[in-house]
Amino acid sequence: MTSPVPSIAVLLATHDAVGLVEEQVRSILDQKGVSVTIVASDDGSTDGTLELLQRLSIAEPRLQILPRTTRFGSGAPNFYHLLREVDLSPFDAIAFADQDDVWFDWKLATHLELLREKRVGGVSSSVLAFWSDGRERVVEKGGAQRRHDHLFQSPGPGCTFLVTPELATVVRTCLEREELGASRFAFHDWLVYAIARSSGMGWHISDRPSLRYRQHGSNEWGANFGLGAGLRRVGRLVDGTYGRWVSEILLVAREAALLTGAPPPPRRISAVQIALEGRRRLPDRLLLAATHPLGVRARGTSR
């Protein structure tokens, strides 16, 4: 008796990508070794993206589209909407998809194998960034994870993520608790990673690029190359924005640990811990530590 083909839900967030999204959808539907269902949520596109998806869905039952509700304004709340609204119980794993990438056809099957082999809650990977002028560059995300690195960054772009239904359920529970503020956090990938690590489910980062990561003027965040990206990163570190994000994620991480019975992270991360266990870029870690000499506390806690 042959084993059933694994079933994977791919959550696709879209906004004004009419010239790009069809190639992405095709690359997801062409995945080998798995059964794919794409559930798309369009965030108020005005360029015909939603109409294109609707036409594609007529001929392709594996593509489903959530009804429009409110305007989200960015990718993270759209993904949170998908996590809260889609019935994920029939699936063996859940993936996140941006609207403008191109997936290698082995991505989901290989990451599912890693998910099971490593017995972790989530898998992510490096990506192959590419530009319209033909340039390509690998964005490496592999390497050892530090004890508290999940409190300071995502392990890579959320478009590479594949997670277990168990992890998705814990994320959904956190999103539904309005007092945590998880549904208002600016980065869905960082949030999912922090919840996975804090809840004891673990994570694996593959150094093998699993998709072509399109770079263009409309990227919400992009591959973070160049002087401009560096200056923006420094600005957020200096003006306290980044410290606020860490404070917000620390609160969610503590609650996720309590939900699963895992040891919670401390209420406060010290400057020494920031320097040693934070972001992978040493200058960023040192700058964050210098601008927060008393460390960073979980949002809403006094000690």
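Because the structure is a prediction, the values reported are computed rather than measured. Counting restarts for each chain: residues are numbered from 1 in the order of the written sequence. Note on the predicted model: pLDDT of at least 70 is required for a residue's local features to be given, and 80 or more for side-chain atom pairs to be given and counted; whole-chain, interface and lining totals, by contrast, use all residues. For side-chain calculations, the full set of non-hydrogen atoms in the structure is used, while hydrogens and water are omitted.

**Q** Explanation requested: the overall build of the chain in the structure shown.
**A** A helix here means a DSSP run of H or I that spans at least four residues, while a strand means a run of E at least two residues long, and both kinds are numbered starting from the N terminus. When its secondary structure is counted, the chain shows 10 helices and 13 strands. Against the 2.2 N^0.38 benchmark of 19 Å for 303 residues, the chain shows a C-alpha radius of gyration of 19 Å, consistent with a compact globule. Projected onto its principal axes, the C-alpha coordinates of the chain cover approximately 60 × 45 × 35 Å. Restricting the contact set of the chain to residue pairs at least 6 apart, pairs at least 24 apart contribute 80%. As displayed, the chain offers around 13,700 Å² of accessible surface, 51% of which is attributable to carbon and sulfur atoms. Counting rule applied: Lys, Arg positive; Asp, Glu negative; His and chain ends not counted. To locate a charge, the coordinates of NZ of Lys, CZ of Arg, CG of Asp or CD of Glu are taken. Within the chain, the 34 negative side-chain charges are centred at a point lying 8 Å from the centre of the 37 positive side-chain charges. Restricting the calculation to C-alpha atoms gives the radius of gyration, and the globule rule supplies 2.2 Å times the number of residues raised to the power 0.38. Working rule for contacts: check all heavy atoms of both residues, and any pair within 4.5 Å makes them a contact. Note on areas: Shrake-Rupley with a 1.4 Å probe; residue coverage comes only from the protein chains shown.

**Q** Just checking my understanding: could you explain the sheet that holds strand 1 (residues 7–14) for this structure?
**A** The strands making up a sheet associate through backbone hydrogen bonding, with each pair oriented either parallel or antiparallel. Here, any two strands with at least 2 DSSP bridges between them count as paired. Pairing in this open sheet of seven strands is mixed, and the strands run 3-2-1-4-9-6-10 from one edge to the other. With one partner strand each, in any of the chains shown, strand 3 (63–65) and strand 10 (203–206) form the two edges of the open sheet. Direction of pairing for strand 4 (residues 93–97) relative to strand 9 (residues 162–163): antiparallel, over a ladder of two bridges. Bridging from a neighbouring strand, I94 pairs with V163 of strand 9. Strands in contact with helix 4 (residues 107–118) are strand 1, strand 2 (35–42), strand 4, strand 6 (122–125), strand 9 and strand 10; relative to strand 6, the strand with the most contacts, it is inclined by about 130°. Between N-to-C directions, angles cover 0 to 180 degrees, with each direction set by a line fitted to C-alpha atoms, over the stretch in contact for helices.

**Q** Hey, could you run me through the packing of helix 5 (residues 165–176) against helix 8 (residues 241–260) in this one?
**A** Direction vectors running N to C along helix 5 and helix 8 enclose 125°, while the axes themselves pass 10 Å from each other. Classed by the angle they form, the pair helix 5 and helix 8 counts as oblique. Pair helix 5 / helix 8 crosses with right-handed handedness. Note on element contacts: helix 8 touches helix 5 through V252, A256, L259 and T260, opposite V170, T173 and C174. Three residue categories are used. Nonpolar comprises Ala, Val, Leu, Ile, Met, Phe, Trp, Tyr, Cys and Pro, charged comprises Asp, Glu, Lys and Arg, and polar comprises the others, including Gly. Class assignment of the residues belonging to the contact of helix 5 with helix 8 gives a composition of five nonpolar, two polar and no charged. Should an angle fall under 35 degrees it is called roughly parallel, over 145 degrees roughly antiparallel, and 65 to 115 degrees roughly perpendicular, with every other angle called oblique. For a crossing to be left-handed, the near helix must be turned anticlockwise from the far one by less than a right angle; the clockwise case is right-handed.

**Q** Hey, could you run me through the pattern of salt bridges in this one?
**A** Pairing of side chains with opposite charge becomes possible as their charged atoms draw close. Between Lys or Arg on one side and Asp or Glu on the other, a salt bridge is scored when a side-chain nitrogen of the former is within 4 Å of a carboxyl oxygen of the latter. The full count for this structure, using the stated rule, is 15 salt bridges. As a salt-bridge pair, D149 and R197 come within 2.7 Å of each other at their nearest N and O atoms. Taken together, the positions of D149 in the loop between strand 8 (136–139) and strand 9 and R197 in helix 6 (residues 188–198) put the pair 48 residues apart, joining distant regions of the chain. Just as D149 is buried, R197 falls in that class too. The salt bridge involving E178 is made with R184; its shortest N-O contact spans 3.6 Å. When its relative accessible area of 40% is taken as the criterion, E178 is described as partly exposed. Beyond isolated ion pairs, a larger network of salt bridges with shared partners links R84, E178 and R184. Throughout, exposure labels follow a simple rule: accessible area from a 1.4 Å probe, protein chains only, divided by the maximum for the residue type, with under 20% read as buried, over 50% as exposed, and the rest as partly exposed.

**Q** So what exactly am I meant to see when it comes to the environment of D87 here?
**A** Position of D87 among the secondary structure elements: in the loop between helix 3 (75–85) and strand 4. Separated by 78 residues in the primary sequence, D87 and A9 have C-alpha atoms spaced 9.5 Å apart. We define a polar contact as two N or O atoms separated by no more than 3.5 Å, with the added condition that, inside protein, one atom must be a possible hydrogen donor and the other a possible acceptor, whereas residues neighbouring each other in sequence contribute only through side-chain atom pairs. Among the polar contacts made by the side chain of D87, one reaches the side chain of S89 at a distance of 2.6 Å.

**Q** Even after reading the chapter, I still don't get the sheet that holds strand 8, so can you show me in this structure?
**A** As summarised here, the arrangement of the four strands in space is 5-11-7-8, forming an open sheet in which the pairing is mixed. Because the sheet does not close on itself, it has two edges, and the strands there are strand 5 (102–103) and strand 8. Both strand 5 and strand 11 (residues 211–214) contribute to a ladder of two bridges, which runs antiparallel. If you follow V102 over to strand 11, its bridge partner there is R212.

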